[in-house]
Amino acid sequence: MIGETRLPGDLTGRHAVGRQVREEGAAGENAAVLSRAGVDEFAADHALAVIDQLGRQSGVYDTFIRTDSQWITKQPVPLPARNARNLNDFDAVFLFISGEGDWSQQQKKDFVSFVKDDGKGVVGAHTGNGAFYEWAEFGEMMGGYFDNHPWGIFEGRVVVDAPDFPAMRHFGPSFTRTEEFYVLRESPYSREKVRVLAHLDPAPLDLKNPNLHRKDADFPVALARTYGKGRTFWSNFGHAADTWDDPNIQRMYLEAIKWAMGLTEGDAAPRAGGARDR
């Protein structure tokens, strides 16, 4: 039996879709990756190439890359489109996007249903939560919205909160990484709604930076949540191209995609407390 699953994902960036192979000779999941050309990130194109490569090398999924939102729908895609697909063909969507996008209200409804009702998954990378600020349910589903990056690009210490989670198991208790570290908006992000998988250590940071709006020193760099029947994952990592060449980051995203597709188990139940309690 051949079952297809795909991931779409992009607004102003790129997106891709993939299929998983569960056992030799049997096709499994498909992933769609979406990104829009407006994504102002140097690494967007390379990121999608890496996501495609990870699917091929692992045999877990096939990737379909789009730079438009045509397939973000459950409705038939009309002619003159050829070889068209829609969300019903995919198991997960990978998002490297930004901005308000051009999705219709029906597309937004279908995308939420893809996760909430169908039990499918979404994986957002870096700017993947810096989108659709005028569509509140997107922020809820993804676990939060990007606010800013008050310290720019620097080497930060990352503390792993969830060493049991599939996308975190290969990391040690903490590690350092040069990245454009994000701060999330006060709302809708909350540790009472999502499971924070890793956070930026606030101890060495300038918490009096005038561009820092959060007051709780809680800076997640990876989080996961269940939304209805489905699963969503987001990570801060991915600003620079060399980030996507890091085997640890590659493994994180591969395991996140597998989890989002429901191929592996991982506890996304929220934990109370803040970053300084860990």
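Our structure's up above, just so we're on the same page.
Residues numbered from 1 in each chain as written. Predicted model: local features only at pLDDT ≥ 70, side-chain atom pairs only at ≥ 80, totals over all residues. Heavy atoms only, no water.

### Section: the overall build of the protein
- Tallying secondary structure elements over the protein gives four helices and twelve strands in all.
- Burial analysis of the protein (278 residues in total) assigns 60% to the buried set.
- Considering only contacts within the protein whose residues lie at least 6 apart along the sequence, 73% involve residues at least 24 apart.
- Of the roughly 11600 Å² of accessible surface on the protein, 46% is carried by carbon and sulfur atoms. (Helix = DSSP H or I, 4+ residues; strand = E, 2+ residues; numbered from the N terminus. Buried < 20%, exposed > 50% of the residue type's maximum accessible area, 1.4 Å probe, protein only. Contact = heavy atoms within 4.5 Å. Areas by Shrake-Rupley, 256 points an atom, 1.4 Å probe, with all protein chains shown as cover.)

### Section: helix α4 (residues 247-260)
- With 14 residues, α4 extends 20 Å between its outermost C-alpha atoms, agreeing within 8% with the 20 Å of an ideal straight helix rising 1.5 Å per residue.
- Here α4 lies mainly inside the structure; eleven of its 14 residues are buried.
- Of all the residues in α4, the buried ones are I249, Q250, M252, Y253, L254, E255, A256, I257, K258, W259 and A260.
- Regarding α4, its N-cap is D246, as a side-chain oxygen of that residue lies 2.8 Å from the backbone nitrogen of N248 further along.
- Looking at the residues trailing α4, positive phi occurs at G262, about 80°. (Expected span 1.5 Å × (residues − 1). Polar contact = N/O pair within 3.5 Å; in protein donor to acceptor, adjacent residues only side chain to side chain.)

### Some remarks on helix α2 (residues 105-116)
- Compared with the 16 Å implied by 1.5 Å per residue over twelve residues, the 16 Å span of α2 between its first and last C-alpha is a close match.
- Looking at α2, one finds that the buried residues are Q107, K108, D110, F111, V112, S113, F114 and V115.
- Its buried side turned inward, α2 meets β4 (92-96), β5 (121-125), α3 (136-142), β11 (220-227) and β12 (230-235).

### Re the pattern of salt bridges
- One pass over the full model with this rule turns up 16 salt bridges.
- Notably, a salt bridge pairs R195 with D164, separated by 2.8 Å at the nearest N-O pair. Of the two residues, R195 is situated in strand β10 (residues 195-200) and D164 in the loop between β7 (153-160) and β8 (174-180); the sequence distance between them amounts to 31 residues.
- With relative accessibility at 35%, the residue D164 sits in the partly exposed group.
- Salt bridges sharing partners connect three or more residues here, namely E140, K193 and R225. (Salt bridge = Lys/Arg side-chain N within 4 Å of Asp/Glu carboxyl O.)

### Some details on unusual backbone geometry
- With an omega dihedral of 15°, the bond running from L79 to P80 counts as a cis peptide bond.
- Relative to the elements of secondary structure, P80 occurs in the loop between β3 (61-66) and β4.
- Between S187 and P188 the backbone carries a cis peptide bond, its omega angle lying at 15°.
- Within the fold, P188 resides in the loop between β9 (183-184) and β10.
- A positive phi angle, near 55°, is found at F132, a position not held by glycine.
- Structurally, F132 can be placed in the loop between β5 and α3.

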